[in-house]
Amino acid sequence: MTSRLTERATWKALEKHATAMRGAHLRQLFADDPKRGERLAVEAAGLYYDYAKQRVTDETLQALLALADACGLRAKIDAMFGGEKINATENRAVLHVALRAPKGASFVVDGEDVMPSVHEVLDAMSRFATSVRDGSFVGFSGKRIRNVVNVGIGGSDLGPVMAYRALRSYADRELTFRFVSNVDGTDFAEATRDLDPHETLFLIASKTFTTQETMTNAASARAWVLNALGDEAAIAKHFVAISTNAAEVAKFGIDTANMFGFWDWVGGRYSMTSAIGLSTMIAIGPERYREMLDGFHAMDEHYRTAPFEKNLPALMGLLAVWNQNFLGAQTIAVLPYDQYLERFPAYLQQLAMESNGKGVTRDGTSVSYETGPIYWGEPGTNGQHSFYQLIHQGTKLIPCDFVAFCRSHHTLPPHHDLLIANVLAQAEALAFGKTADEVRAEGTAEALVPHRVFEGNRPSATIFADELTPATLGALVALYEHSVFTQGAIFDVNPFDQWGVELGKALAKRIAPELTSQSELGHDSSTNTLIRRYRARR
Ligand code: G6Q
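Here the structure is a predicted model, which is why all the values come from computation and not from measurement.

A. Spotlight on the sheet that holds strand E1 (residues 41–44). An order of E1-E2-E13-E12-E10-E11 is seen for the six strands of this open sheet, with the pairing classed as mixed. At either margin of the open sheet sits one strand with a lone partner, and together these are E1 and strand E11 (374–376). Here the strands of the sheet are splayed against their neighbours by 15° on average, with no regard to which way each runs. The sheet contact formed by strand E10 (residues 331–336) and E11 spans three bridges and is parallel. Bridge pairing in E11 links Ala333 to Trp376. Along the sheet, helix H15 (residues 312–325) makes contact with E1, strand E2 (47–50), E10, strand E12 (400–405) and strand E13 (460–465), crossing E2 at roughly 30°. Its contacts with the sheet put helix H18 (residues 415–432) on E12 and E13, and the angle it makes with E12 is roughly 155°.

This is the structure:
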């Protein structure tokens, strides 16, 4: 079946336009328009977004905006903010935007305003975070809590880790934060090996409270605490649950008075501003946390209200569609020039790839076009000394998002100026390259000339903000959330389910008992042989 997207006139117009654009070089586009660098930029919620080095013209942008209109982007945004059940395969509303709205805002799901509950949980989190930070919440033996271990995986881990690393310079350095996610016991063992159980608080973060990895790690944490403190009553002082499932929390033995709830309209990978953010709040304090939420909210409001030609997430999402579906890119490299953002690409991988890694449209029709791009990346400048070679001279087109800040948290001259010189230089080199004549003019031997030519014309965008603050981080994450939403709206997929993770989970459940028994094996011959080998050598 042909899906409707590629049949749209706006899509066909973009295909035609893309053919014409194949000969266009960024060198020429900049030469033709001396103001291009000023014109093709937009600013919102403290983020300046320069997309002048994308391979687009005004015509491209108009065609992309027409595509957005044809795909009903505006109506889809309104449906999300309006609390409609746009996650149809799970029959759920999608309202992470409500989590960061201020008091007085209203978001309605099933006829009920969710904002009073949102703020009730935020207030409870604030009281708890403050009591851990000021030492009034103590462990079972009366000792102050010095270590906070978040146990969770996927959406219940990646946001908290990323945010903690990003905002470390705002964190209470008297407290140690660890994050345990992997079912590999190494993760738990290494995270706890130097911690004192009397001073350690576990946050068991799981929306469902049934996730195998998290429950296995939580059980090990429980045993670790009980082994040292020797009393079931200690659990209440060393365990907190963050979940939507009170029944399972109680079954685990955590007092539901120590539970921070959220709701089914918060998807895992969109949950870092729900109670899942408790570790972040304990680290940076409720006020800074509110600043982060305000940063998210500023970008949410920009996305909801700004016309698409000035709408940062909408433009970013449309450019991703352009690069991928019309210029043949397969991936997007996200390259933060800030060591504090070391886990940001990993966070984005889940956000983008679990959301738009889909092969059917919302009505179940197979797509006939590329959907979600692969997101990947590493902080600069490290990547420059590793994989950038392929971006500069390889055969693949890899659009890059550079992220940089005008001010550093550390006055350590000349580091920051060098860092920024590098990020600007990379974007410049990718766009403009170096011609054979320029290489020759440097006196290069003829045999080396082809090796030293940079073709250029490699698209990138630069997100430039003043400083990495809680608010900037919030705006940055919301920017990518809504860029992903924009892409999903064009692809007509449901970005909010993740059925693709189910099969592996079910098969693991079947295999686990087979590893420790001698039962008959009914898998394929490869899997059977591997299981037999493991049985013999474990
Ligand atoms: C995210 C996914 C997934 C989820 C984890 C953890 O959108 O649904 O990554 O967050 O599987 O789930 P729990 O929070 O239920 O343990």
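B. Looking closely at the pattern of salt bridges. Counting across every chain of the model gives 29 salt bridges. Among the ionic pairs, Arg39 bridges to Asp33, the shortest N-O distance being 2.8 Å. The class for Arg39 is partly exposed, based on a relative accessible area of 40%. A cluster of three or more residues bridged by salt bridges with shared partners is formed by Asp33, Arg39 and Asp58.

C. The site of the ligand, seen in detail. Near the ligand you find 13 residues, and of these Ser156, Ser206, Thr208, Thr211 and Gln350 are the closest. Ser156 is positioned such that a nitrogen or oxygen atom in its side chain is 2.6 Å from an oxygen atom of the ligand. Backbone polar atom of Lys207 to an oxygen atom of the ligand: 2.7 Å apart, as the coordinates give it. Alone, the ligand offers 410 Å² of accessible surface; in the complex the protein occludes 87% of this. Looking at the shell around the ligand residue by residue, the class counts come to one nonpolar, nine polar and three charged.

D. Just the sheet that holds strand E9 (residues 259–261), in detail. The parallel open sheet is built from five strands, whose spatial order is E6-E5-E7-E8-E9. The sheet is open, and its two edges are formed by strand E6 (176–180) and E9, each paired on a single side. Going across the sheet, the axis of each strand differs from the next one's by a mean of 20°, ignoring polarity. Direction of pairing for strand E7 (residues 200–205) relative to strand E8 (residues 239–243): parallel, over a ladder of four bridges.

E. Broad picture of the side chain of Asn147. Relative to the helices and strands, Asn147 resides in strand E5 (residues 147–151). Take Asn147: its relative accessible area is 7%, and that puts it in the buried class. A polar side-chain atom of Asn147 sits 3.0 Å from a polar atom in the side chain of Thr200. Aside from chain neighbours lying at most four places away, what touches Asn147 is Thr176, Leu195, Asp196, Glu199, Thr200 and Leu201.

F. Structural detail: unusual backbone geometry. In this model, Gly380 is joined to Thr381 through a cis peptide bond whose omega is 10°. Mapped onto the elements of the fold, Thr381 is located in the loop between E11 and helix H17 (388–393). Of note, the amide linkage connecting Pro413 to Pro414 takes the cis form, showing an omega dihedral of 5°. Relative to the assigned elements, Pro414 resides in the loop between E12 and H18. Non-glycine residue Asp110 carries a positive phi angle of around 50°. Inspection of the secondary structure assignment puts Asp110 in the loop between strand E3 (108–109) and strand E4 (112–113). On the accessibility criterion, Asp110 (64% relative accessible area) is exposed. Even without a glycine there, the phi angle at Phe209 is positive, about 60°.

G. Main features of helix H23 (residues 525–537). The first and last C-alpha atoms of H23 sit 18 Å apart over 13 residues, in line with the 18 Å expected at 1.5 Å per residue. Along H23, the residues classified as buried are Asn528, Ile531 and Arg535. For H23, the angular spread of the buried residues around the axis is 65°, confining them to a single face. Summarising the geometry of H23, the exposed residues directed more than 90 degrees from the buried face are Ser525, Leu530, Ala536 and Arg537. Against helix H22 (502–515) lie the buried residues of H23. Taking the backbone nitrogen of Ser526 as reference, a side-chain oxygen 3.0 Å away marks Asp524 as the first, capping residue of H23.

H. Examining the packing of helix H7 (residues 115–133) against helix H14 (residues 286–305) more closely. Remark: H7 packs on H14, axes separated minimally by 10 Å, with the N-to-C direction vectors making an angle of 145°. Contacts between H7 and H14 pair His119, Leu122, Met125, Ser126 and Thr130 from the former with Pro286, Tyr289, Arg290 and Leu293 from the latter. Of the residues that constitute the contact of H7 with H14, the class distribution is five nonpolar, three polar and one charged.

I. A look at the environment of Met292. With respect to the helices, strands and loops of the structure, Met292 is situated in helix H14. Take Met292: its relative accessible area is 0%, and that puts it in the buried class. Taking the C-alpha atoms as reference points, Met292 and Arg458, separated by 166 residues in sequence, lie 33 Å from one another. Those residues in contact with Met292 that lie beyond four places of it in its chain are Leu167, Met272, Thr273, Thr280, Pro470, Ala471, Leu473 and Gly474.

The rules behind the values
Residues numbered from 1 in each chain as written. Predicted model: local features only at pLDDT ≥ 70, side-chain atom pairs only at ≥ 80, totals over all residues. Heavy atoms only, no water. Pairing = 2+ DSSP bridges. Helix = DSSP H or I, 4+ residues; strand = E, 2+ residues; numbered from the N terminus. Axes fitted to C-alpha atoms, helices over the stretch in contact; angles between N-to-C directions. Contact = heavy atoms within 4.5 Å. Salt bridge = Lys/Arg side-chain N within 4 Å of Asp/Glu carboxyl O. Buried < 20%, exposed > 50% of the residue type's maximum accessible area, 1.4 Å probe, protein only. Near = heavy atom within 4 Å. Polar contact = N/O pair within 3.5 Å; in protein donor to acceptor, adjacent residues only side chain to side chain. Areas by Shrake-Rupley, 256 points an atom, 1.4 Å probe, with all protein chains shown as cover. Nonpolar A, V, L, I, M, F, W, Y, C, P; charged D, E, K, R; others polar. Expected span 1.5 Å × (residues − 1). Arc of directions from axis to C-beta.

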